[in-house]
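Here's the letter readout for the chains.
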Amino acid sequence: MPPQSVVIVGGSIAGLLQGLQLKRQGSDVIVLEQDPSKDRHSHESGVQIGPSVIALLDKYDATGRPAAIPAQYMSVAWRKWLRVLNVDSPRQMSNWGCLYLILRANFDGMKSDTVPSPPGPKSGDGMAEYRSGKRVTGLKYDKEVGVVHVHFVDVMSGDEGIITTDLVIGADGVHSTVRDLLEAPTRREYAGYIAWRGTVPERLVSDETVQYFSNRLNFSLMKGTYFISYIIPTEGGHVKPGERLINWVWYYIVPEGSPEMKAVFTDIHGKMHGNTVPQGLVNPSIWDRQVARYISQMIPPLAEIVTKTPKVFVTKVREAQCNVDSSFFDGHAVLVGDAFTAFRSHMGMASEQAARHCWQMDRLWRGEITQKQRDQEAALYANKFILLNRIIGLGGLELAFQVCKNVSSYAWLTIKHGLGFS
């Protein structure tokens, strides 16, 4: 049976997927989110939602709002050739903000432009509460009673509090506080390259360019660098042609600690950012120099969306992987999503992993698998997609030796699993 009370640390996609499932199954759920703002800033970022996310929405979403735009094909442009590969590869492309607001409407009834009339609770729902501006500072497990005491502080007032709960779910992302409090050994790694990102409204570009990017996930391979691009809804949930956004991500090698890294991550106010320079703060001279260096290598549709993007942001591509099982305190604390393993972003599988963790927990509560089996499934999936994301990213950056190394590792992992050694 699902636990009666749950505290979820982290109120992003992973936390809300867990929270919605638990609420629908009758658990009382409190989400503690460190960000004090009511509206999380999404940058209008594109995300792919896989079959596990779709299945959760099909089962638990009561808003009826479309969360994604279908893309039927995967296409590849190489150098100046517009399309050297085009294969049938259906997928669903979404907007982080749109998905977040749909989940919030279902979880705690938050109103937004995306869901102005949130659905009411259903029969059998548990209590659901989303507390913003709460930073978790400690976890204490009472083994005799089988509960966890969650200590937190209000980031605005400084007031402290404690919640006692049956289960703590750490869903607080790549820089997980819960993972640190549990002292879980973790490998953290900068991938060696960054991601420039942006979205451009369809109405700002030509019909020919919209048509080129429509109904497909596009890879644009240039010399030692590459783009991924696709069409997504707006944060407000607009999915009609002419109202949508073209999302792009540009992967580009920058050595850690280099003068170029310092220049890229120093914003217009002279502040150095450790991971992401948000929209509106990127130094325009740095961005203009980046575009000018590569514009001649871009195919015309790509050049148009890049140059007509109103605001860009930039982030470092990272990995983080917990090196032990994802459950702690005899199963009363669990790491999910990026808090357990954060992939490089090439396959857009972060939300899919988080949703798979939801289904795994559901099977655990139903008695279909043990906690150990659940942890093993989560670890195998993480190990596979760490390697697959590397292979795609390193291949796009033309780092052949590193691609071969990771292909070999993936093959060995598959063989070991087939033989029952993992």
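Parameters at a glance
Residues numbered from 1 in each chain as written. Predicted model: local features only at pLDDT ≥ 70, side-chain atom pairs only at ≥ 80, totals over all residues. Heavy atoms only, no water. Pairing = 2+ DSSP bridges. Helix = DSSP H or I, 4+ residues; strand = E, 2+ residues; numbered from the N terminus. Axes fitted to C-alpha atoms, helices over the stretch in contact; angles between N-to-C directions. Contact = heavy atoms within 4.5 Å. Domains from an automatic or database assignment. Buried area = accessible area lost by both parts, 1.4 Å probe. Buried < 20%, exposed > 50% of the residue type's maximum accessible area, 1.4 Å probe, protein only. Polar contact = N/O pair within 3.5 Å; in protein donor to acceptor, adjacent residues only side chain to side chain. Core = buried A, V, L, I, M, F, W, Y, C linked by side-chain atoms within 4.5 Å. Expected span 1.5 Å × (residues − 1). Salt bridge = Lys/Arg side-chain N within 4 Å of Asp/Glu carboxyl O. Patch = residues over 30% accessible without salt bridge, like charges linked within 9 Å, V, L, I, M, F, W, Y side chains within 5 Å. Areas by Shrake-Rupley, 256 points an atom, 1.4 Å probe, with all protein chains shown as cover.

Quick word on the sheet that holds strand β9 (residues 160-165)
So, step 1. In space, the 3 strands of this open sheet follow the order β7-β8-β9, with antiparallel pairing throughout. Across the chains shown, the open sheet's two edge strands, defined by having one partner strand only, are β7 (134-142) and β9. Between one strand and the next, the sheet's axes are offset by a mean angle of 20 degrees, whatever the strand orientation.
So, step 2. The sheet contact formed by strand β8 (residues 147-154) and β9 spans 6 bridges and is antiparallel. In the sheet register, Val-150 faces β9, and the bridge partner there is Ile-163.

Focus on the sheet that holds strand β1 (residues 5-9)
Pairing between the strands of a sheet is mediated by backbone hydrogen bonds and can be parallel or antiparallel.
So, step 1. Taken together, 6 strands build an open sheet; the order of strands is β6-β2-β1-β10-β18-β17 and the sheet is mixed. Edge strands, defined here as strands with exactly one partner in the open sheet, are β6 (128-132) and β17 (327-328).
So, step 2. Sheet strands touched by helix α3 (residues 96-108): β2 (28-33) and β6. Its angle to β6, the strand with the most contacts, is close to 125 degrees.

A few points about the domain arrangement of the protein chain
So, step 1. The domain architecture assigned to the protein chain consists of domain 1 (5-38 + 97-187 + 321-411) and domain 2 (68-94 + 188-318).
So, step 2. Distance from the C-alpha centre of domain 1 to the C-alpha centre of domain 2: 27 Å.
So, step 3. The partner domain 2 presents 24 residues to the 24 residues of domain 1 that form the contact.
So, step 4. Summed over both sides, the interface between domain 1 and domain 2 buries roughly 1900 Å², with carbon and sulfur atoms accounting for 50% of that surface.

Observations concerning the environment of Tyr-226
So, step 1. Structurally, Tyr-226 can be placed in strand β13 (residues 226-232).
So, step 2. For Tyr-226, a relative accessible area of 0% puts it in the buried group.
So, step 3. Separated by 2.7 Å, the side chains of Tyr-226 and His-346 make a polar contact.

Some words on the nonpolar core
So, step 1. Ranked by size, the top nonpolar core spans 42 residues in total, and within it Ile-8, Leu-17, Tyr-100, Leu-103 and Ile-169 carry the most contacts.
So, step 2. Broken down by secondary-structure element, the contributors of at least two residues to this core are β1, α1 (13-24), β2, β3 (46-49), α2 (51-60), α3, β10 (167-170) and α9 (350-365).
So, step 3. Examining the composition of this core, we find that 9 residues originate from one element, α3, more than from any other.
So, step 4. Contact partners of Ile-169, with chain neighbours within four places excluded, come to Val-6, Val-7, Ile-8, Val-9, Gln-18, Leu-22, Val-334 and Val-336.
So, step 5. Counting residues in each nonpolar core, the second largest holds 35 residues, with Tyr-190, Ile-194, Ile-246 and Met-261 among its members.

Here we look at the environment of Ala-128
So, step 1. Relative to the helices and strands, Ala-128 resides in strand β6.
So, step 2. Relative accessible area serves as the criterion here: at 23%, Ala-128 is assigned to the partly exposed category.
So, step 3. C-alpha of Ala-128 to C-alpha of Thr-165: the two residues are 37 residues apart in sequence and 14 Å apart in space.
So, step 4. Sequence-distant contacts of Ala-128, defined by excluding residues within four places in its chain, comprise Lys-23, Val-29, Phe-107 and Asp-108.

Focus: α9
So, step 1. Helix length check: α9 (16 residues) gives 23 Å between terminal C-alpha atoms against 22 Å at 1.5 Å per residue, within 8%.
So, step 2. A large share of α9 lies buried, amounting to 12 of its 16 residues.
So, step 3. For α9, every residue scored as buried is listed here: Ser-351, Glu-352, Gln-353, Ala-354, Ala-355, His-357, Cys-358, Gln-360, Met-361, Asp-362, Leu-364 and Trp-365.
So, step 4. Looking one or two residues past α9, Gly-367 carries a phi angle of roughly 85 degrees, positive in sign.

Regarding the pattern of salt bridges
So, step 1. Under the defined criterion, the tally for this structure stands at 19 salt bridges.
So, step 2. A salt bridge links Arg-131 to Glu-129, with the nearest nitrogen and oxygen atoms 2.9 Å apart.
So, step 3. Its relative accessible area of 29% is what places Glu-129 among the partly exposed residues.
So, step 4. Sharing partners across several salt bridges, the network here consists of Arg-187, Glu-189, Glu-319, Arg-344 and Arg-390.

Quick notes on a nonpolar patch on the surface
So, step 1. Where nonpolar side chains cluster on the molecular surface, the patch consists of Trp-78, Trp-81, Val-84 and Leu-85 and spans about 420 Å² of accessible area.
So, step 2. Top contributing element to the nonpolar patch by residue count: strand β5 (residues 81-95), with 3 residues.
So, step 3. Here Trp-81 shows up in strand β5.
So, step 4. Of the residues examined, Trp-81 reaches a relative accessible area of 53% and is grouped as exposed.

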